[in-house]
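Here is how the chains run, residue by residue.
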Amino acid sequence: RLGASPPAEVSGAAQPAQSLPTTAGPSKDGWSGQNWRQARPLTMRFGQRMKWLRFAALGLGVLLVLTIIWSVQLQATLAKERALRIEFADLIDQQEVVLEVIDSDQTIRRVLLAPEPARVSLQPPYGKLFTRPDLPHVVAMVARLPQPTQGQAYHLWLTAEGQTELAGLMRINEDGFALLVFDADRDGPAYGSAQLTLQPIGTDSPSGEIILEWEN
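Quick caveat, the model's predicted, so the values are computed rather than measured.

**Q** Explain the overall build of the chain to me, and be specific about the residues and the numbers.
**A** Helix and strand counts for the chain come out as 1 helix and 8 strands. Along the chain, from the amino end to the carboxyl end, the secondary structure elements read α-β-β-β-β-β-β-β-β. In the chain, which comprises 216 residues, the share counted as buried stands at 25%. Considering only contacts within the chain whose residues lie at least 6 apart along the sequence, 58% involve residues at least 24 apart. Looking at the chain as shown, the accessible area adds up to about 16300 Å², and 58% of this sits on carbon and sulfur atoms.

**Q** So what's going on with the packing of aromatic side chains? Which residues, and what values?
**A** Aromatic ring pairs are described here by two measures, namely the spacing of the ring centres and the angle between the planes. Inspection of the entire model under this criterion finds 1 aromatic pair. For the pair Trp52 and Phe55, a centre-to-centre distance of 6.2 Å together with 55° between the ring planes defines the contact as tilted. With Trp52 and Phe55 both in helix H1 (residues 33-102) and 3 residues apart, the pair spans about one turn of that helix. Judged by relative accessible area, which is 47%, Phe55 ranks as partly exposed.

**Q** Can you break down the pairing of strand S5 (residues 163-170) residue by residue, with the values?
**A** Here strand S4 (residues 152-160) pairs with S5 via 7 bridges, running antiparallel. Looking at the pairing, Tyr154 lines up with Met170 of S5. The antiparallel hairpin formed by S4 and S5 contains 2 residues in its connecting segment, where Glu161 sits at a positive phi of about 55°.

**Q** Which residues make up the pattern of salt bridges, and what values go with them?
**A** Under the defined criterion, the tally for this structure stands at 3 salt bridges. With its nearest N and O atoms 2.6 Å apart, the salt bridge here joins Arg132 to Asp134. Taking relative accessible area as the criterion, Arg132 reaches 11% and is therefore assigned buried. Note on Asp134: relative accessible area 32%, which makes it partly exposed. The salt bridge partner of Arg186 is Glu161, with a shortest N-O separation of 3.6 Å. Of the two residues, Arg186 is situated in the loop between strand S6 (178-183) and strand S7 (193-200) and Glu161 in the loop between S4 and S5; the sequence distance between them amounts to 25 residues. Given the relative accessible area of 36%, Arg186 is considered partly exposed.

**Q** A description of the nonpolar core should follow, citing residues and the corresponding values.
**A** In this structure, Leu129, Val142, Tyr154, Leu156, Met170, Tyr191 and Leu196 are the most contacted members of the largest nonpolar core, which totals 24 residues. Those elements that place two or more of their residues in this core are strand S3 (137-143), S4, S6, S7 and strand S8 (209-215). Considering every element that reaches this core, the biggest residue donor is S4, with 4 residues. In this structure Tyr191 touches Arg110, Leu129, Thr131, Val138, Leu158, Thr159, Ala160, Phe182, Ala184, Trp214 and Asn216, once residues within four positions along its chain are discounted. Of all hydrophobic cores here, the second largest spans 7 residues; its members include Val97, Val101, Met141 and Val181.

**Q** Any details on the pairing of S7? Residues and values, ideally.
**A** Across the 8 residues that make up S7, a large majority, 6, are buried. Summarising the sheet, S7 and S8 pair through 6 bridges and their orientation is antiparallel. Note on S8: the bridge partner recorded for Leu198 is Glu209.

Conventions and cut-offs
Residues numbered from 1 in each chain as written. Predicted model: local features only at pLDDT ≥ 70, side-chain atom pairs only at ≥ 80, totals over all residues. Heavy atoms only, no water. Helix = DSSP H or I, 4+ residues; strand = E, 2+ residues; numbered from the N terminus. Buried < 20%, exposed > 50% of the residue type's maximum accessible area, 1.4 Å probe, protein only. Contact = heavy atoms within 4.5 Å. Areas by Shrake-Rupley, 256 points an atom, 1.4 Å probe, with all protein chains shown as cover. Phe/Tyr/Trp six-rings, centres within 6.5 Å; stacked < 30°, edge-to-face > 60°. Pairing = 2+ DSSP bridges. Salt bridge = Lys/Arg side-chain N within 4 Å of Asp/Glu carboxyl O. Core = buried A, V, L, I, M, F, W, Y, C linked by side-chain atoms within 4.5 Å.

Encoded structure:
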């Protein structure tokens, strides 16, 4: 019908949604976005702290190893110094005996030479045996000798009255020199021969290669 008013809106019809302020709710695990933003720096700081702790532990381990190595080296150095002091004291004591035996108008000197053909080399090895008729001290020297191989040593054998005995081992230094000082069982020992042999350590009779020799 003309002029009729439009039909009234149906009660309960959909109304336009009103915009309401929203608040971020908790996530499924109970952490909100704001909590995550606060926890992330804490997690990073914790990770950095653990990283520095690992570095510190590694540094302490290295320091401990270096300390142990230094301690072992120090002990070895002290032991070497003690051995050198003992050896030096022995050398001082021997020096008086050596000078007393070799530097006298009563000294009897015997020269040990290498057998042929070593004797004709440019610098052949040699040795000397010193005694005095009024003293029991005996001094033996050898020079120009190479270092013995492992398990072997230079043995000095002396013969007196038909009996051959080991006087001692000649310890060669880096210059090829060795000194041996000992006391005979009486004053003025009279030797008939002397041999320096290269043979295994622990043998009780002359054997092996004759390096130097002297015979009356």
